[in-house]
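Next come the chains, spelled out residue by residue.
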Amino acid sequence: MASRWLPWLIVLLYLTAFVTSFGTLNTMLSLKYEADPVSDCISLVSGRDLCAAIQQYKAAALLSFVSATSLWLLRLWRLSSAKKPV
């Protein structure tokens, strides 16, 4: 049963990495136009700390990408070892 859901989990993790990477770029754009000086990370529009959001998005994207790649390699290793004759 785990092998049935594993490809979907891998795709979902890669999509999560893509979306959070897009969120990082979007928040960087907000930092450029919504904060007065670039060194100030607080948005004048929403009042949120944009630098903290960028760090969270980067961590989530990296974690999702590494997890998906690890699961994909583990799946390839398991499939190749299952086909080898003993």
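Everything below is about the structure printed above this text.
The following paragraphs examine the structure supplied in this document. Just so it is clear, the model here is predicted, and its values are computed rather than measured.

Moving on, we get to the side chain of Thr27. Mapping Thr27 onto the fold places it in helix H1 (residues 2-34). Dropping the residues within four chain positions of it, Thr27 is found in contact with Arg48, Leu50, Ala53, Ile54 and Tyr57.

Applying the stated rule across the entire model yields one disulfide. Note on cysteine connectivity: Cys41 is disulfide-linked to Cys51, with sulfurs 1.9 Å apart. As the torsion about the S-S bond is roughly -60 degrees, the Cys41-Cys51 disulfide counts as left-handed. One end of the pair, Cys41, is in the loop between H1 and helix H2 (50-83); the other, Cys51, is in helix H2, and ten residues separate them in sequence.

Turning next to the packing of aromatic side chains. Evaluation of the coordinates by the stated rule reveals one aromatic pair. Aromatic pair Tyr14 and Phe65: ring centres 5.8 Å apart, planes at 65 degrees, arrangement edge-to-face. Separated by 51 residues along the polypeptide, Tyr14 in helix H1 and Phe65 in helix H2 bring together distant segments of the chain. With a relative accessible area of 29%, Tyr14 lands in the partly exposed category.

Its location among the elements puts Thr24 in helix H1. Taking the C-alpha atoms as reference points, Thr24 and Ser80, separated by 56 residues in sequence, lie 37 Å from one another.

Here we take up a nonpolar patch on the surface. Residues Leu62, Phe65 and Val66 make up a contiguous nonpolar surface patch of roughly 290 Å² in combined accessible area. You can see Val66 is positioned in helix H2. For Val66, a relative accessible area of 43% puts it in the partly exposed group.

Conventions adopted
- Residues numbered from 1 in each chain as written.
- Predicted model: local features only at pLDDT ≥ 70, side-chain atom pairs only at ≥ 80, totals over all residues.
- Heavy atoms only, no water.
- Helix = DSSP H or I, 4+ residues; strand = E, 2+ residues; numbered from the N terminus.
- Contact = heavy atoms within 4.5 Å.
- Disulfide = S-S within 2.5 Å.
- Phe/Tyr/Trp six-rings, centres within 6.5 Å; stacked < 30°, edge-to-face > 60°.
- Buried < 20%, exposed > 50% of the residue type's maximum accessible area, 1.4 Å probe, protein only.
- Patch = residues over 30% accessible without salt bridge, like charges linked within 9 Å, V, L, I, M, F, W, Y side chains within 5 Å.
- Areas by Shrake-Rupley, 256 points an atom, 1.4 Å probe, with all protein chains shown as cover.
- Salt bridge = Lys/Arg side-chain N within 4 Å of Asp/Glu carboxyl O.

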